[in-house]
Amino acid sequence: LSNPVFGRLQGKRLYKEQKFLVALPVAETYAKKADLAQPLPTRDDGEEMIFQGAIDLLAIDKDGFVRIIDYKYSKKDSKALKADYALQLELYRLAVAKILKLPKEKVHCSIVNICLGFQVDMC
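Summarised in this report is the structure supplied together with it. (Residues numbered from 1 in each chain as written. Predicted model: local features only at pLDDT ≥ 70, side-chain atom pairs only at ≥ 80, totals over all residues. Heavy atoms only, no water.)

## Quick look at the environment of Y73
Link 1 in the chain: As for its position among the elements, Y73 is in the loop between β3 (66-72) and α2 (78-100).
Link 2 in the chain: In the structure, Y73 is positioned 43 residues away from L116 in sequence and 7.9 Å away in space, judged by C-alpha atoms.
Link 3 in the chain: Those residues in contact with Y73, other than ones at most four positions away along the chain, are I114 and C115. (Helix = DSSP H or I, 4+ residues; strand = E, 2+ residues; numbered from the N terminus. Contact = heavy atoms within 4.5 Å.)

Take a look at the structure:
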């Protein structure tokens, strides 16, 4: 609880284990996966996919800024966590922005590594 990310939660509405189901544009999801040599082929007609997930901790302030906190129990360093979970948290970010009708720039993501006791700000 001494990680700085938790200090930023004062005065925010907190939702733990927040489940969601949302349709996201295919072109903004897995089609953008960074480690692909070429993007997945998609139709540019607004095709959507259903995305389901559960956010460990969602914090919303009165000005509409949102923080997604994802807990990981891992021996990995911050660089490895970023590489392994960037896509997951970007999808969470897109989902929350769509559900709450916010620009994605108002949604920020962090990973808290509860094994090694550090946090990684993602987006």
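Picking up where we left off.
## As for the packing of aromatic side chains
Link 1 in the chain: Tallied over the full model, the rule gives four aromatic pairs.
Link 2 in the chain: An angle of 25° between the planes, with centres 6.5 Å apart, marks the rings of F6 and Y71 as stacked. Taken as a pair, F6 in helix α1 (residues 4-7) and Y71 in strand β3 lie far apart in primary sequence, 65 residues in all.
Link 3 in the chain: Residue classification places F6 among the buried positions, given a relative accessible area of 17%.
Link 4 in the chain: Judged by relative accessible area, which is 33%, Y71 ranks as partly exposed.
Link 5 in the chain: Aromatic side chains F20 and F51 sit 5.6 Å apart centroid to centroid with 45° between the ring planes, which places their arrangement in the tilted category. With F20 in strand β1 (residues 13-25) and F51 in strand β2 (residues 48-60), this residue pair connects regions lying 31 residues apart in the sequence. Of the two residues, F20 and F51, both sit in the buried class.
Link 6 in the chain: Members of the aromatic cluster, connected to one another through ring pairs, are F20, F51 and Y92. (Phe/Tyr/Trp six-rings, centres within 6.5 Å; stacked < 30°, edge-to-face > 60°. Buried < 20%, exposed > 50% of the residue type's maximum accessible area, 1.4 Å probe, protein only.)

## Description of unusual backbone geometry
Glycine aside, residues mostly have negative phi, and peptide bonds are mostly found in the trans state.
Link 1 in the chain: The backbone of E17 shows a phi angle near 50°, a positive value even though the residue is not glycine.
Link 2 in the chain: Take E17: it is sitting in strand β1.
Link 3 in the chain: At K101, a position not held by glycine, the phi torsion is positive, near 55°.
Link 4 in the chain: Relative to the helices and strands, K101 resides in the loop between α2 and β4 (107-113).
Link 5 in the chain: Take K101: its relative accessible area is 73%, and that puts it in the exposed class.

## With respect to the pattern of salt bridges
A side chain with one charge can pair with a side chain of the opposite charge if their charged atoms come near.
Link 1 in the chain: Taken as a whole and judged by the stated rule, the model has seven salt bridges.
Link 2 in the chain: With a shortest N-O distance of 3.3 Å, R8 and D121 are connected by a salt bridge. Pair noted here: R8 is in the loop between α1 and β1 and D121 is in strand β5 (residues 118-121), with a separation of 113 residues, a long-range link.
Link 3 in the chain: According to the relative accessible area criterion, R8 is partly exposed, its value standing at 31%. (Salt bridge = Lys/Arg side-chain N within 4 Å of Asp/Glu carboxyl O.)

## Things to note about the sheet that holds β5
Link 1 in the chain: A sheet is described by the order of its strands in space; here five strands give the open sequence β1-β2-β3-β4-β5, paired in mixed fashion. If you trace the sheet from one side to the other, it starts and ends with β1 and β5, each paired once. Strand-to-strand twist in this sheet, taken as the mean axis angle between neighbours without regard to direction, amounts to 40°.
Link 2 in the chain: The strands touched by α2 within the sheet are β1, β2, β3, β4 and β5, with β3 carrying the most contacts at an inclination of about 140°. (Pairing = 2+ DSSP bridges. Axes fitted to C-alpha atoms, helices over the stretch in contact; angles between N-to-C directions.)

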